[in-house]
Amino acid sequence: METRIERVKKQLHSSSYKLTPQREATVRVLLEHEEDHLSAEDVYLLVKEKSPEIGLATVYRTLELLTELKIVDKINFGDGVSRYDLRTEGADHFHHHLVCIECGTVDEIQKDLLEDVEDVVEKEWNFKIKDHRLTFHGVCHRCQQKQLQESK
Ligand SMILES: [Zn+2]
Ligand SMILES: [Zn+2]
Ligand SMILES: [Zn+2]
């Protein structure tokens, strides 16, 4: 955790930004909820628990800054809510998501898996790929298990 904070601090510094206490509080919440996909509102409520003096606008601006610096990615799963997701360290491309249409759980795939597809696109469309968003919609293994038990 502390080393991650240090690295974020360096990333901010290299773009001439400071890791202010407000920014640090926001980054900590994102790190503590790395598996989750929090909206600005969610992040704000969690930041407020430890730093009640921070306002929503500050949290929002921090999230936008972190997005700009590619420390987090903004993602939308089709419900009209922007969510903030920490980028996997050292990954060139954004990770993939599995959204369960039954329970709404979002799981992540950290492997890129798209190398072959990227190759075809780059060659056939002469397009230089910088990143991608891939969301699968389906039924998660937990819901499949539940449905199986209920049908017995
Ligand atoms: Zn994610
Ligand atoms: Zn990729
Ligand atoms: Zn499910």
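Residues numbered from 1 in each chain as written. Chains lettered and ligands numbered in written order. Predicted model: local features only at pLDDT ≥ 70, side-chain atom pairs only at ≥ 80, totals over all residues.

In the annotation of an unreviewed UniProt entry, the protein is listed under the name Fur family ferric uptake transcriptional regulator and assigned to Bacillus benzoevorans. Taken verbatim from the UniProt record of the protein, the Sequence similarities (unreviewed entry) comment is "Belongs to the Fur family." (UniProt positions renumbered as here; feature names shortened; annotations may be inferred.)

Asks: How would you summarise the UniProt feature "binding site: Fe cation" (unreviewed entry) in the protein if you had to cite specific residues and measurements?
Replies: When the UniProt feature table is mapped to this numbering, "binding site: Fe cation" (unreviewed entry) covers Glu115 and His132. Taken along the chain, the residues just named run across 18 residues; in space they keep tight, none of their C-alpha pairs more than 11.7 Å apart. Relative to the helices and strands, glutamate 115 resides in helix α5 (residues 115-124). Looking at glutamate 115, the number of C-beta atoms within 10 Å reads 9, which means it is exposed. Within the secondary structure, histidine 132 sits in the loop between α5 and β6 (135-138). Taking the number of C-beta atoms within 10 Å as the measure of exposure, histidine 132 has 13 and is therefore partly exposed. Not counting the four nearest positions on each side in its chain, histidine 132 is found in contact with His93, Phe94 and Leu114. (Helix = DSSP H or I, 4+ residues; strand = E, 2+ residues; numbered from the N terminus. Buried ≥ 20, exposed ≤ 12 C-beta atoms within 10 Å, placed from the backbone. Contact = placed C-beta atoms within 7 Å.)

Asks: Tell me about the confidence of the model for the protein, and please be specific about residues and values.
Replies: Counting all residues, the mean pLDDT for the protein is 94, and 100% of those residues have values of 70 or more. Mean pLDDT values over the elements of the protein span from 91, in helix α1 (residues 2-14), up to 98, in α5. (pLDDT = per-residue confidence, 0-100.)

Asks: Describe in detail the nonpolar core, supporting the description with residues and values.
Replies: Where a protein is soluble and globular, its nonpolar side chains tend to be buried together. Among the nonpolar cores identified, the biggest contains 17 residues, and Val29, Leu30, Val43, Val47, Val59, Leu63 and Val72 are the most heavily contacted of them. Considering every element that reaches this core, the biggest residue donor is helix α3 (residues 40-50), with five residues. Not counting residues up to four positions away in its chain, the partners in contact with valine 72 are Leu30, Leu63, Leu66, Thr67, Tyr84, Asp85, Leu86 and Arg87. (Core = buried A, V, L, I, M, F, W, Y, C linked by C-beta atoms within 7 Å.)

Asks: Could you give an account of the sheet that holds strand β3 (residues 82-86), with specific residues and numbers?
Replies: Note: strands within a sheet are paired through backbone hydrogen bonds, in either parallel or antiparallel orientation. What the three strands build is an open sheet, ordered β1-β3-β2; its pairing is antiparallel. Looking along the sheet, the strands with just one partner apiece sit at the ends: β1 (38-39) and β2 (72-76). Both β1 and β3 contribute to a ladder of two bridges, which runs antiparallel. Looking at β3, one finds that leucine 38 is bridged to tyrosine 84. Helix-sheet contacts for helix α4 (residues 56-68) involve β2 and β3, and the interaxial angle to β2 is about 105°. (Pairing = 2+ DSSP bridges. Axes fitted to C-alpha atoms, helices over the stretch in contact; angles between N-to-C directions.)

Asks: I'd like to hear about the domain arrangement of the protein, residue by residue, with values.
Replies: Splitting the protein by domain gives domain 1 (1-87) and domain 2 (94-152). On a C-alpha basis, the centroid separation for the pair domain 1 and domain 2 is 24 Å. Counting from both sides, the interface comprises five residues of domain 1 and, opposite them, five residues of domain 2. Residue composition of the side of domain 1 that touches domain 2, grouped by class: two nonpolar, one polar and two charged. (Domains from an automatic or database assignment. Nonpolar A, V, L, I, M, F, W, Y, C, P; charged D, E, K, R; others polar.)

Asks: With reference to specific residues and values, describe the packing of helix α2 (residues 21-32) against α3.
Replies: Running from N to C, α2 and α3 point in directions that differ by 115°, and their axes come no closer than 9 Å. The angle between the axes of α2 and α3 places the two elements in the roughly perpendicular class. Seen from above, α2 lies across α3 with right-handed handedness. In this structure, α2 uses Ala25, Thr26, Val29 and Leu30 to contact α3, whose residues at the interface are Val43, Leu46, Val47 and Lys50. (Parallel < 35°, antiparallel > 145°, perpendicular 65-115°, else oblique. Left-handed = near helix turned anticlockwise from the far one by under 90°.)

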